[in-house]
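# Residue-level structure breakdown
Chain by chain, the residues:
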Amino acid sequence: MAMPPLGGAGAKPLSRKQKAAIIVRLLLAEGVEVPLTTLDEDLQEELTIQMSSMRFIDRATVKAVVDEFVSEMEDIGLAFTGGLEGALKTLEKSISPATAARIRKQGGVRATGDPWETITGLDPLRLLPVLEEESVEIAAVLLSKLKVSTAAELLGKLPGPRARRVAYAVSLTGAIEPEVVDKIGRSLAEQLDAQPLKAFADGPVERVGAILNFSPAATRDEVLQGLDEDDATFAAEVRKAIFTFSNIPQRLDPRDIPKVTKDLDQAQLITALAAATGELEKVTEFILGAMSKRLAEQLREEMANLGAVKPAEGEAAMNAVVAAIRELEAAGEVLLIAEDE
């Protein structure tokens, strides 16, 4: 025997919880994504229990609930929800990270939502100290929550014995309760949020290398010579970070040359190749050798017609080629081969 529907003439008025369950069920039925994870866990539990206890709702009752819901929504001009943390999320693109961190610290705000979303969105290098200093169990949980590629990258930066212990501990994480994983995530999120903000996104080696990448060759050589005298170790690291026109044959896969030349201004390419004399001729041959024979012959003819190139113009054109490669690398379309130690 079918159960009578809720609502209708003489029926007991629906509670606000029942009405909320009807609205949520209706939205889900229409394929609308309802962000229920933003609710407190107690409210999520109450809603689930309420929905499990309901069966059939007649059409007239559903229409009345929807009309009431729409009416209430129209009466709301503007809503400020989520307390201080909600305000910070609303303003995250309008205020600086330093200001947000200071407000959190002063207000003692505890971030809401899934802490692992915050953690996995951080620069992987910020997570390396956790893997190095925390217990192997905590490190294993962190490693398990990261993307496989990120986890592999970080694991490769750990000393061998530590990496083996953490990798073994990953095999034991299957029995950990979800509540424990959530608590670990919140603890790590608060710990990482408490780290002082860096004034620069990149380290000193990367910054100096990036500057010297586009400096005139004479300036670059002079600076590196000075660094050799002051700090040979730092100078060696900077040399590895530098990528110039002369490094193309060693660090770029020839199959990626067509990607580089496709959108590069042809006049700049011809100027760069024509200016590459002496030791740099090997770069010209590398680039032309990675092209079709017909295109390479066409470029050789245009290089011959161009004649002698002024040093400043040649260096600017070479820097344009390097900049195009760097842009493709940043976009993930090409991969630079690492320098040997």
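Along each chain, residues carry numbers from 1 onward, in the same order as the chain's sequence is written. Per-residue local features are limited, in this predicted model, to residues with pLDDT of at least 70; the limit for side-chain atom pairs, both in listing and counting, is 80 or more; totals at the level of whole chains, interfaces and linings are taken over all residues. Heavy atoms throughout the structure, all of them, feed into the side-chain values; hydrogens and water do not.

Moving on to the overall build of the protein. In terms of helices and strands, the protein carries 20 helices and 0 strands. Throughout, exposure labels follow a simple rule: accessible area from a 1.4 Å probe, protein chains only, divided by the maximum for the residue type, with under 20% read as buried, over 50% as exposed, and the rest as partly exposed. Looking at the protein as a whole, 29% of its 341 residues qualify as buried. We call two residues in contact whenever any of their non-hydrogen atoms come within 4.5 Å of each other. Look at the contacts in the protein between residues 6 or more apart in sequence, and 76% of them connect residues 24 or more apart. For the protein, the exposed surface amounts to about 22600 Å²; the carbon and sulfur share of it is 56%. Here a helix means four or more residues in a row that DSSP labels H or I, a strand means two or more in a row labelled E, and each is numbered from the N terminus. Surface accessibility follows the Shrake-Rupley procedure with a 1.4 Å probe radius. Residue values consider only the protein chains on display as shielding.

With that settled, consider the pattern of salt bridges. It is possible for side chains of opposite charge to pair when their charged atoms get near one another. The rule for a salt bridge is simple: a side-chain nitrogen of Lys or Arg has to be within 4 Å of a carboxyl oxygen of Asp or Glu. Enumeration over the complete set of coordinates arrives at 9 salt bridges. The partner of Asp 256 in a salt bridge is Lys 259, and the shortest N-O contact between them spans 3.4 Å.

Time to look at a negative patch on the surface. Residues enter patches when they are more than 30% accessible in relative terms and free of salt bridges; like-charged ones are connected within 9 Å and nonpolar ones (Val, Leu, Ile, Met, Phe, Trp, Tyr) within 5 Å. Under this rule, positive means Lys or Arg and negative means Asp or Glu; His and the chain ends count for nothing. Lys charges are placed at NZ, Arg charges at CZ, Asp charges at CG and Glu charges at CD. A contiguous patch of negative charge, built from Asp 40, Glu 41, Asp 42, Glu 45, Glu 177 and Glu 179, is present on the exposed surface. Element by element, the count of residues in the negative patch is highest for helix H2 (residues 41–52), at 3 residues. With respect to the element layout, Glu 177 can be found in the loop between helix H10 (160–170) and helix H11 (178–193). Residue classification places Glu 177 among the partly exposed residues on the basis of a relative accessible area of 48%.

Attention shifts here to the side chain of Asp 256. Mapped onto the elements, Asp 256 comes out in the loop between helix H15 (248–251) and helix H16 (257–262). Assessed through its relative accessible area of 11%, Asp 256 is described here as buried. Here Asp 256 is in contact with Glu 333, Val 334 and Leu 335, once residues within four sequence places are set aside.

Residues grouped as a nonpolar core are buried Ala, Val, Leu, Ile, Met, Phe, Trp, Tyr and Cys residues, joined through side-chain atoms within 4.5 Å. Ranked by size, the top nonpolar core spans 31 residues in total, and within it Phe 245, Ile 248, Ile 287, Val 321 and Ile 325 carry the most contacts. Contributing elements (two or more residues each) for this core: H16, helix H17 (266–275), helix H18 (281–289), helix H19 (293–306) and helix H20 (311–330). When residues of this core are assigned to their parent elements, the largest contribution, 7 residues, is made by H20. Sequence-distant contacts of Ile 325, that is, excluding residues within four places in its chain, are made with Phe 243, Ile 248, Leu 252, Val 260, Val 334 and Leu 336. Core analysis: the second largest hydrophobic core is formed by 25 residues, Leu 131, Leu 146, Leu 158 and Ala 163 among them.

Turning our eyes to something else, we now look at the environment of Lys 17. For Lys 17, the position within the fold is in helix H1 (residues 16–29). By relative accessible area, which is 47% here, Lys 17 ends up partly exposed. With 33 residues separating them along the chain, Lys 17 and Gln 50 place their C-alpha atoms 7.0 Å apart. Excluding residues within four positions of it along the chain, Lys 17 makes contact with Glu 46 and Gln 50.

Now for the confidence of the model for the protein. Atom-level detail of predicted coordinates should not be read off regions where pLDDT is low. Looking at any residue, its pLDDT shows the predictor's confidence there, from 0 to 100. Averaged over the protein, the pLDDT score is 80; the fraction of residues at 70 or greater is 80%. Per-element mean pLDDT across the protein ranges from 62 in helix H5 (residues 97–107) up to 94 in H18.

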